[in-house]
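Descriptive analysis of the structure
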Amino acid sequence: EVDDSKFVIIRSPMIGTFYSSPKPDQPPFVKPGDRVSATTTVCIVEAMKVFNEIPAEMSGTIVAVLAESGDAVEYNQPLFKVDPGK
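The shown structure was predicted, so the numbers you read here are calculated from the model rather than taken from an experiment. (Residues numbered from 1 in each chain as written. Predicted model: local features only at pLDDT ≥ 70, side-chain atom pairs only at ≥ 80, totals over all residues. Heavy atoms only, no water.)

**Remarks on the side chain of D83**
To be explicit about the condition: For helices the rule is a DSSP run of H or I covering at least 4 residues; for strands it is a run of E covering at least 2, with both sets numbered from the N terminus onward. For the purposes of these results, a polar contact is taken to be a pair of N or O atoms within 3.5 Å, where, inside protein, one atom must be able to donate a hydrogen and its partner to accept one; residues adjacent in sequence count only when each atom of the pair is a side-chain atom. Two residues form a contact once any of their heavy atoms are found within 4.5 Å.
Structurally, the position occupied by D83 is in strand β8 (residues 78-83). A polar contact of 2.9 Å, which involves the side chain of D83, links it to the backbone nitrogen of G85. Those residues within four positions of D83 in sequence are excluded, and the remaining contacts are K6, F7, G60, T61 and V63.

Structure, rendered in structure tokens:
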């Protein structure tokens, strides 16, 4: 059994559409195993035709991506699982 208590969740700050990459033909901003800092862009959430870059707001290693590109996301929905100790 995995101890999830050490992980921190990056949540959606708004309702919108989740995009994991800047454009469909480009690689994702982050993938599991990538290190992030507070200013690292982890995804885009489109809301009312505005593309909002979402920063990690923490340092650590991405453990899991919890949404698929193109998914509709809700406010506060978990998007990424981060290990702050790595």
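**Here's the deal with the pattern of salt bridges**
Stated precisely, the cut-off is as follows: Here, a salt bridge means any Lys or Arg side-chain nitrogen found within 4 Å of an Asp or Glu carboxyl oxygen. For every residue, the accessible area obtained with a 1.4 Å probe (protein chains only) is divided by the maximum for its type, and the residue is called buried under 20%, exposed over 50%, and partly exposed between those limits.
The tally for this structure, following the rule as stated, stands at 2 salt bridges. Here K6 ties to D83 by a salt bridge, and the two come within 3.8 Å at their closest N and O atoms. Here K6 is found in the segment before β1 (8-11), whereas its partner D83 is found in strand β8, with 77 residues between them in sequence. By relative accessible area, K6 is classed as partly exposed at 46%. For D83, a relative accessible area of 6% puts it in the buried group. Across the salt bridge formed by D34 and K31, the nearest N and O atoms sit 3.4 Å from each other. The exposure class of K31 is partly exposed, given its relative accessible area of 47%.

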